[in-house]
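Structural characterization, general
Here is how the chains run, residue by residue.
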Amino acid sequence: MFTILLVLLCCYIRTVKQDQPAQEDDLSVTAGFAHEDGTMLSDGIIQLSNGGHILEYPLSDTALAFPNLPRNGSFMLALLDRQEQTQGTMRLSFSEGAVIDATTGKDGVGYVMVNGDTDELALYFILTDDGELQCTLWLSHPDLPPGGLPLK
């Protein structure tokens, strides 16, 4: 009897362990970009850099999708105009926590916190009149973005 219970317990433990979902380390970010007055930024380039690797995304009148970003770590985001002159930069720092939040610190760093089960996030970046970038959560429904900014 003891042997049968032991076998059943081992089968149960193996089944539970295999059924647990694999933990994803990547985060998909949808981002909108606007001037401080609310007009959308639709011309230029967004660069994301993690030190040695630079990704470029052309701005348009749609939101941008940044797939496979780290949940923990940081990278630089730069907004360039058509002539590839820097209009604004921001270091983005991602970390895991109990809540979802995005804010710009007094140091100009964009702090983004995501909880462990979050795999998609929407951020809104604002270029201030002083040439600084600020980030915040994009709280409106993705199908109804702020300022009429349509999604791809």
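Above this text sits the structure in question.
All of the points below concern the structure found in this document. None of the values given here were measured: they were computed from a predicted structure.

Basis of the calculations
Residues numbered from 1 in each chain as written. Predicted model: local features only at pLDDT ≥ 70, side-chain atom pairs only at ≥ 80, totals over all residues. Heavy atoms only, no water. Salt bridge = Lys/Arg side-chain N within 4 Å of Asp/Glu carboxyl O. Helix = DSSP H or I, 4+ residues; strand = E, 2+ residues; numbered from the N terminus. Buried < 20%, exposed > 50% of the residue type's maximum accessible area, 1.4 Å probe, protein only. 1 Å grid on protein atoms, 1.4 Å probe; cavity = no way out; pocket = protein on both sides within 12 Å on 5 of 7 lines; lining within 4 Å. Points joined across faces, edges and corners; volume = space filled by probe spheres on them. Nonpolar A, V, L, I, M, F, W, Y, C, P; charged D, E, K, R; others polar. Phe/Tyr/Trp six-rings, centres within 6.5 Å; stacked < 30°, edge-to-face > 60°. Contact = heavy atoms within 4.5 Å. Core = buried A, V, L, I, M, F, W, Y, C linked by side-chain atoms within 4.5 Å.

Examining the pattern of salt bridges
If you walk through the whole model with that rule in mind, you get one salt bridge. For the salt bridge of Arg-82 with Asp-43, the shortest nitrogen-to-oxygen distance reads 2.4 Å. One end of the pair, Arg-82, is in the loop between β5 (73–80) and β6 (86–96); the other, Asp-43, is in the loop between β1 (26–35) and β2 (45–49), and 39 residues separate them in sequence. With a relative accessible area of 39%, Asp-43 lands in the partly exposed category.

A word on the layout of surface pockets
In this structure, the largest pocket occupies an estimated 180 Å³ of space. Lining the largest pocket are Leu-48, Ser-49, Asn-50, His-53, Leu-55, Pro-67, Asn-68, Leu-69, Pro-70, Ser-74 and Phe-75. If you list the elements that add at least two residues to the lining of the largest pocket, you get β2, β4 (64–70) and β5. The dominant element in the lining of the largest pocket, judged by the number of residues it contributes, is β4, at four residues. Across the lining of the largest pocket, the residue classes break down as six nonpolar, five polar and no charged.

Comments concerning the packing of aromatic side chains
The final tally for this structure, using the stated rule, is four aromatic pairs. A centroid spacing of 5.0 Å and a plane angle of 10° characterise the contact between Phe-33 and Phe-125, whose relative ring orientation is stacked. In this pair, Phe-33 sits in strand β1 while Phe-125 sits in strand β9 (residues 120–127), placing the two residues 92 residues apart along the sequence. Pair check on accessibility: Phe-33 and Phe-125 agree, each one buried. Centroid distance Phe-75 to Phe-94: 5.7 Å. Interplanar angle 15°. Geometry classified as stacked.

Considering the environment of Leu-133
Residue placement: Leu-133 occurs in strand β10 (residues 133–137). When the C-alpha atoms of Leu-133 and Thr-89 are compared, they prove to be 6.1 Å apart, with 44 residues separating the residues in sequence. If near-sequence neighbours (up to four positions away) are discounted, Leu-133 is found in contact with Leu-77, Leu-79, Gly-88, Thr-89, Met-90, Thr-104, Ile-126 and Leu-127.

Topic: the nonpolar core
Most often, soluble globular proteins keep nonpolar side chains buried together rather than apart. Formed by 28 residues in total, the largest nonpolar core has its most connected members in Phe-33, Ile-46, Phe-66, Leu-92, Phe-94, Leu-121 and Phe-125. Residues in contact with Phe-66, not counting those within four places in the same chain, are Leu-27, Ser-28, Val-29, Ala-31, Phe-33, Ile-46, Leu-48 and Tyr-57. Core analysis: the next-biggest nonpolar cluster, separate from the first, contains five residues, Ala-34, Ala-63, Ala-122 and Trp-138 among them.

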